[in-house]
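# Coordinate analysis (summary)
Chain residues, written in single-letter form:
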Amino acid sequence: MNETSKPLIGYATTADSLPSSGSALTYLLAGNGIFASATRPSIEVLMPVCLSNQRIKGLPRLTPYLNITPRIPKELLLEVWRSSCNACTESNAEILFHFHKQDTEWELHTPKQTQNPTSCQPTELGSHASHYQAVVEIHSHAAMPAFFSRTDNEDETGFRIYGVLGRVNTTKPEIQMRVGLFQHCWNIPAKTVFDIEPDFFMTDVSVLSGCQFYSTDLPHANVLESLWS
Ligand SMILES: [Zn+2]
């Protein structure tokens with residue numbers, strides 16, 4: 001997915017038959033709010049954009065979901081952690097990883113990149129580059145906590161699953177995963193992406209913080225704020 005291209009956007013309600021317009025992103029008005037729907041090979045997502053306390057009469061409710069098929073084997077996540085530990089120990093550097101889907105198997109790639117203690121950026125961005133084909137992208141924050149920084153929000157503007165590993169050089173490393181859909185974001189449990197057991201040793205920051213949904217686009221404007229002043 002080209003991070004700089006504008007998505008084709010569709011609009012529908014849950015009273016319609018679900019769109020088959022080929023839109024990259026479809027907004028759905030449902031009985032319980034507004035959702036964003038999108039699919040790409042291996043990923044299907046329906047994420048909340050705006051939940052309504054009031055029932056939108058006449059429309060069925062929706063339950064959001066993420067399907068990634070199959071989930072990525074645990075061994076590949078452990079390999080990411082090991083390489084992140086090495087980068088942290090050797091140069092206190094961040095490091096970037098891509099997951100590609102090859103037929104039915106997931107492949108882990110470490111793209112050519114520039115690395116320093118607060119950033120890691122791929123050096124190849126064309127349509128044949130690893131970055132372009134990555135379905136899942138993870139980077140390490142070395143010894144720092146796992147969270148999506150402002151730089152991450154500026155970089156992660158496409159449609160894919162993004163992740164951060166933090167405190168990698170400890171016995172309790174952190175992981176945070178999210179679906180990014182053209183700057184609509186939804187923090188998701190790591191176990192929805194990776195085939196890991198419920199008591200997997202990493203601290204799942206998304207789960208601890210309530211798996212929020214939010215936008216990294218322009219801040220929300222309160223239209224009622226100055227209406228009656
Ligand atoms: Zn980051």
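Rules of the game
Residues numbered from 1 in each chain as written. Predicted model: local features only at pLDDT ≥ 70, side-chain atom pairs only at ≥ 80, totals over all residues. Helix = DSSP H or I, 4+ residues; strand = E, 2+ residues; numbered from the N terminus. Rg over C-alpha atoms; globule rule 2.2 N^0.38 Å. Buried ≥ 20, exposed ≤ 12 C-beta atoms within 10 Å, placed from the backbone. Contact = placed C-beta atoms within 7 Å. Pairing = 2+ DSSP bridges. Axes fitted to C-alpha atoms, helices over the stretch in contact; angles between N-to-C directions. Domains from an automatic or database assignment.

### Some words on the overall build of the protein
Check the secondary structure of the protein and you find four helices and 17 strands. Relative to a compact globule of 229 residues, whose C-alpha radius of gyration would be 17 Å, the protein shows 19 Å and is just as compact. Taking all 229 residues of the protein together, the buried fraction comes to 32%. Taking as baseline every contact in the protein between residues at least 6 positions apart, the subset at least 24 positions apart corresponds to 55%.

### Digging into the sheet that holds strand 1 (residues 9-13)
Spatial strand order, 1-2-3-4-5: five strands in an open sheet with mixed pairing. Because the sheet does not close on itself, it has two edges, and the strands there are strand 1 and strand 5 (65-68). Between one strand axis and the next, the sheet turns by 20 degrees as a mean value, whatever way the strands run. The pairing of strand 4 (residues 43-51) with strand 5 spans four bridges and is classified as antiparallel. The residue bridging L46 from the neighbouring strand is Y65, located in strand 5.

### Regarding the pairing of strand 4
Examined bridge by bridge, strand 3 (residues 33-40) and strand 4 share eight bridges and lie antiparallel to one another. Looking at the pairing, R40 lines up with I43 of strand 4. Linking strand 3 back to strand 4 in an antiparallel pair, the connection comprises two residues, with S42 at a positive phi of about 85 degrees.

### Description of the environment of P64
Tracing the sequence through the fold places P64 in the loop between strand 4 and strand 5. Here P64 falls in the buried class, since 21 other C-beta atoms lie within 10 Å of it. Taking C-alpha positions, P64 is 9.1 Å from S37, a pair spaced 27 residues apart along the chain. Excluding anything up to four places from it in sequence, P64 contacts F35, L46, M47 and P48.

### Describing the pairing of strand 7 (residues 96-102)
Side chains on a regular strand alternate between the two faces of the sheet. Of all seven residues in strand 7, five are buried; the element is thus mostly enclosed. Pairing between strand 7 and strand 11 (residues 136-140): four bridges, direction antiparallel. Bridge assignment links F97 to a residue of strand 11, and that residue is I138. Direction of pairing for strand 7 relative to strand 8 (residues 105-109): antiparallel, over a ladder of five bridges. Bridged to K101 within strand 8 is W106. Between the antiparallel neighbours strand 7 and strand 8 lie two residues, among them D103 with a positive phi of about 55 degrees.

### Remarks on the domain arrangement of the protein
Many authors give the size of an interface as the accessible area that is lost as the parts come together. Here the domain parsing of the protein yields domain 1 (9-68) and domain 2 (72-215). Inter-centroid distance (C-alpha atoms) of domain 1 to domain 2 is 26 Å. Each partner contributes residues to the interface: domain 1 has 14 residues there, and domain 2 has 13 residues. Elements with a contribution of two residues or more to the side of domain 1 that touches domain 2: strand 3, strand 4 and strand 5. Take the side of domain 1 that touches domain 2: its biggest share by element is five residues, from strand 4.

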